[in-house]
Amino acid sequence: MKLYQAFAWALAEHGVDVVFGLMGDANMLYLSAYQDAGGRFVPVVHEGGSVGMADGYSRMTGRVGVASVTHGPGFTNTMTSLVEGVRSRTPLLVITGDAPADPTHFQQLDIAAVAAAAGAGYEKVYKPKSLVRDLNRAMQRAVAERRPIVLNFPIALMGEDAGSQQPVTRPAPPAAGVASEQALDGALGLIATANRPVIVAGRGAVAADARSELVALAERLGAPLATTVLAKDCFAGHPRNLGIFGSLSHGVAASTIADADCVIAFGASLNAFTAVGGHLTRGKKVVHVDCDPAQIGRFLQVDEAVAGDARLVAAAMNAALDEAGVRSSAAWAGEVEKALGARSPHDDFADRTGADTVDIRSAMIRLDGVLPSQRTMVTDIGRFVVGVWPYLAVPGPEHFTTMGGFGSIGLGLAGAIGASVGRPDELTVAAIGDGGFMMNLAEFSTAVRERLPILVLILNDGAYGAEHFKLADYGVDTGYSLNAWPDLVSLATSMGARGVTVRRLDELDQLAGLAETILGGDGPLLVDVRLDPEVNII
Ligand SMILES: Cc1ncc(C[n+]2csc(CCOP(=O)(O)OP(=O)(O)O)c2C)c(N)n1
Ligand SMILES: [Mg+2]
């Protein structure tokens, strides 16, 4: 067996059932062998898309996402997506390889240096007989370090004889950390004396499957429950669900948070978006629980640090509070429930729907009731997210992500394609601004070729909206942020998909039937939602 065949076999043995990538000299042989052996290869249009798709796939499946690109430019094309994977702590295997061993080869590149610049890990196949051992190590590191690992499989080795190899060993998940007694005692002392505690769950709490323990803790304390954006809708349906904690909190949540005297955060970094630069936690006691001690107090000073797995820590707190007979703050709980019970999502804004444009918030509230409730949502970033994240729900945080860890626009479509490949039976909603969509428009054709059930929702203000309102603040002509794009529905149609333009709220209702068509195997649908760039909702 040749080494490229052994590599294809080893990927399959690792349980890799899909590889996202683009062929070139460095990968075409093993990618062909991988497909011959029944593996699924999703060919992308640009290598950046391959890493973004592997990332979206990993976020929705919890598995290592795998991307394969050729040497030199194939790898440098992944750079922005690679940094996104690093910042979002996604376990990825990104396979590339040294160009032929010739110093004058024009695609020579220092792969290790590029990987290091991105913050990704680096591994290499050093010699033919270490192939599987090197692959095992790369996969294990991706899981243990929760980041992309770049694997350099030099093209010079491809045709070598594989000989006998070590067996494939699948990565073991990291053990859940138990907090120290001392840290727990400190936190419990604070929690037991709080009068108006709030519980905040972040992505770490979701990853640790801590939801039911956190709800139990909220029962014991009479505490309201909130989440970061990444743990969106973790507590949907709970009578004290505040929704998002942070700059995107609704009115009742914001006043509840202002009244709180203690914030108990689980697996949430308390970054600038969540704690609003420390503004939301000022004057309150803060208990910070995170499995990674390096994340605790990274963005703001906290009173009690508890390093440990969110579920295990919450369970230990529940047991200790039971034993100590700590009573819940019933009055606080009652007040919060009453305020939340009387609230409507329409309370927080005055609708600004125009003659031929919709208010994004009203549109999302309407769409919420139109689309099948079992759905996954992946978003790009831009001004539009302020109108999407709080108003369009998902069944739980496992059904949501945003490709915004590095603050790059344009990655949302690839993330949604990867998510949809990982979850083919569910509608995936890709919410993207017009600028972010145009940046990586070509990848829409990948969704068409793969016939993926994606509703690509373009929040189209014909502008770089995030810049539009900043220019206005500077007193500069906002016209400089406007873009005369081609007609998006015509673009979708030319790529073999369907598209509809929405200029009025009632035009959203047709999406109920169209969503069914998409789920029936019709491929993606582009929905061009027209917004007025002058309506600034930030
Ligand atoms: C790769 C990259 N280029 C530029 C920016 C700067 N930027 C931030 S938001 C934004 C506007 C994006 O426009 P659009 O996708 O239409 O979303 P909107 O803000 O209009 O809702 C831009 C250009 C960025 N974040 N990332
Ligand atoms: Mg825009």
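In what follows, the accompanying structure is described. (Residues numbered from 1 in each chain as written. Chains lettered and ligands numbered in written order. Predicted model: local features only at pLDDT ≥ 70, side-chain atom pairs only at ≥ 80, totals over all residues. Heavy atoms only, no water.)

## Quick look at the overall build of the protein chain
Inference 1: Counting its regular elements, the protein chain contains 21 helices and 18 strands.
Inference 2: For 538 residues, the compact-globule formula gives about 24 Å, and the C-alpha radius of gyration of the protein chain, at 24 Å, lands near that figure.
Inference 3: Each principal axis of the C-alpha atoms in the protein chain carries an extent, and together these give about 75 × 60 × 45 Å.
Inference 4: Per-residue burial over the protein chain gives 57% buried out of 538 residues. (Helix = DSSP H or I, 4+ residues; strand = E, 2+ residues; numbered from the N terminus. Rg over C-alpha atoms; globule rule 2.2 N^0.38 Å. Buried < 20%, exposed > 50% of the residue type's maximum accessible area, 1.4 Å probe, protein only.)

## Structural notes on the environment of Ala 120
Inference 1: The residue Ala 120 is located in the loop between α6 (111-118) and β5 (121-124) in this model.
Inference 2: On the basis of relative accessibility, which here comes to 8%, the residue Ala 120 falls in the buried class.
Inference 3: Ala 120 sits 367 residues away from Asp 487 along the chain, and the two C-alpha atoms are 38 Å apart.
Inference 4: Non-local contacts of Ala 120, meaning those with residues more than four positions away in its chain, are made with Leu 82, Val 86, Ala 115, Arg 147, Pro 148 and Val 150. (Contact = heavy atoms within 4.5 Å.)

## Notes on empty space enclosed by the protein
Inference 1: The final tally for this structure, using the stated rule, is one cavity of 30 Å³ or more.
Inference 2: In this model, the largest cavity occupies a volume close to 50 Å³.
Inference 3: Along the walls of the largest cavity sit Arg 498, Leu 514, Thr 517, Ile 518, Asp 522, Gly 523, Pro 524 and Leu 525, which together make up its complete lining.
Inference 4: Looking at the lining of the largest cavity element by element, the count peaks at four residues for helix α21 (residues 511-522).
Inference 5: Considering only residue class, the lining of the largest cavity consists of four nonpolar, two polar and two charged. (1 Å grid on protein atoms, 1.4 Å probe; cavity = no way out; pocket = protein on both sides within 12 Å on 5 of 7 lines; lining within 4 Å. Points joined across faces, edges and corners; volume = space filled by probe spheres on them. Nonpolar A, V, L, I, M, F, W, Y, C, P; charged D, E, K, R; others polar.)

## Concerning the coordination of the magnesium ion (ligand 2)
Inference 1: At 2.1 to 2.2 Å from the magnesium ion (ligand 2) lie its protein donor atoms, namely Asp 434 (OD), Asp 461 (OD) and Ala 463 (O).
Inference 2: Site description for the magnesium ion (ligand 2): donor spacing in sequence, D-x26-D-x1-A. One end of the pair, Asp 434, is in helix α17 (residues 434-439); the other, Ala 463, is in the loop between β16 (454-460) and α19 (465-474), with 29 residues separating them in the sequence. Each member of the pair Asp 434 and Ala 463 is classed as buried. (Donors = N, O, S within 2.8 Å, 3.2 Å for Na, K, Ca; no water.)

## Some thoughts on the sheet that holds strand β12 (residues 304-307)
Inference 1: Pairing within the open sheet is parallel, and its six strands lie in the order β9-β8-β7-β10-β11-β12. Lying at the two open borders of the sheet, with one neighbouring strand each, are β9 (241-244) and β12. Here the average twist between neighbouring strands, direction ignored, is 15°.
Inference 2: As paired strands, strand β8 (residues 225-227) and β9 are joined by three bridges and run parallel to one another. Across the sheet, residue Leu 225 finds its bridge partner in β9, namely Asn 241. (Pairing = 2+ DSSP bridges. Axes fitted to C-alpha atoms, helices over the stretch in contact; angles between N-to-C directions.)

## Considering a nonpolar patch on the surface
Inference 1: Taken together, the side chains of Met 23, Met 28 and Leu 29 present a nonpolar region at the surface, about 240 Å² in accessible area.
Inference 2: Mapped onto the secondary structure, Met 28 falls in helix α2 (residues 28-36). (Patch = residues over 30% accessible without salt bridge, like charges linked within 9 Å, V, L, I, M, F, W, Y side chains within 5 Å. Areas by Shrake-Rupley, 256 points an atom, 1.4 Å probe, with all protein chains shown as cover. Salt bridge = Lys/Arg side-chain N within 4 Å of Asp/Glu carboxyl O.)

## As for the pairing of β16
Inference 1: Most of β16 sits inside the fold, with seven of its seven residues counted as buried.
Inference 2: Here β16 shows a buried face lined by Ile 454, Val 456, Ile 458 and Asn 460 and a second buried face lined by Leu 455, Leu 457 and Leu 459.
Inference 3: Pairing of strand β15 (residues 427-433) with β16 involves six bridges; the strand directions are parallel. Counterpart to Ile 432 in the pairing with β16 is Ile 458.
Inference 4: The sheet contact formed by β16 and strand β18 (residues 525-530) spans six bridges and is parallel. Opposite Val 456, over in β18, you have Leu 526 as the bridge partner.

## Overview of the sheet that holds β18
Inference 1: If you trace the six strands from one edge of the open sheet to the other, you get β14-β13-β15-β16-β18-β17, paired in parallel fashion. This sheet does not close on itself; its edge strands, each paired only once, are β14 (400-402) and β17 (498-502). Taking the axes of each pair of neighbouring strands and ignoring which way they run, one obtains an average angle of 15° across the sheet.
Inference 2: With five bridges joining them, strand β13 (residues 375-379) and β15 adopt parallel strand pairing. The residue bridging Thr 379 from the neighbouring strand is Ala 431, located in β15.

## Quick look at the layout of surface pockets
Inference 1: Each pocket or cavity is described by its volume, and for the second largest pocket that value is around 770 Å³.
Inference 2: What lines the second largest pocket is a set of 31 residues, among which His 250, Arg 343, Pro 345, Pro 390 and Tyr 391 lie closest to the centre.
Inference 3: Going through the elements one at a time, β9 and α14 (360-370) are the ones with two or more residues in the lining of the second largest pocket.
Inference 4: Examining the composition of the lining of the second largest pocket, we find that four residues originate from one element, β9, more than from any other.
Inference 5: Here the lining of the second largest pocket is composed, by residue class, of 16 nonpolar, nine polar and six charged.

## Some thoughts on the pattern of salt bridges
Inference 1: A complete count under the given rule lists 25 salt bridges for this structure.
Inference 2: When the shortest N-O distance is used, the salt bridge between Lys 124 and Asp 98 registers 3.4 Å. Highlighted residues: Lys 124 in strand β5 and Asp 98 in the loop between β4 (92-96) and α6, separated in sequence by 26 residues.
Inference 3: By relative accessible area, which is 22% here, Lys 124 ends up partly exposed.

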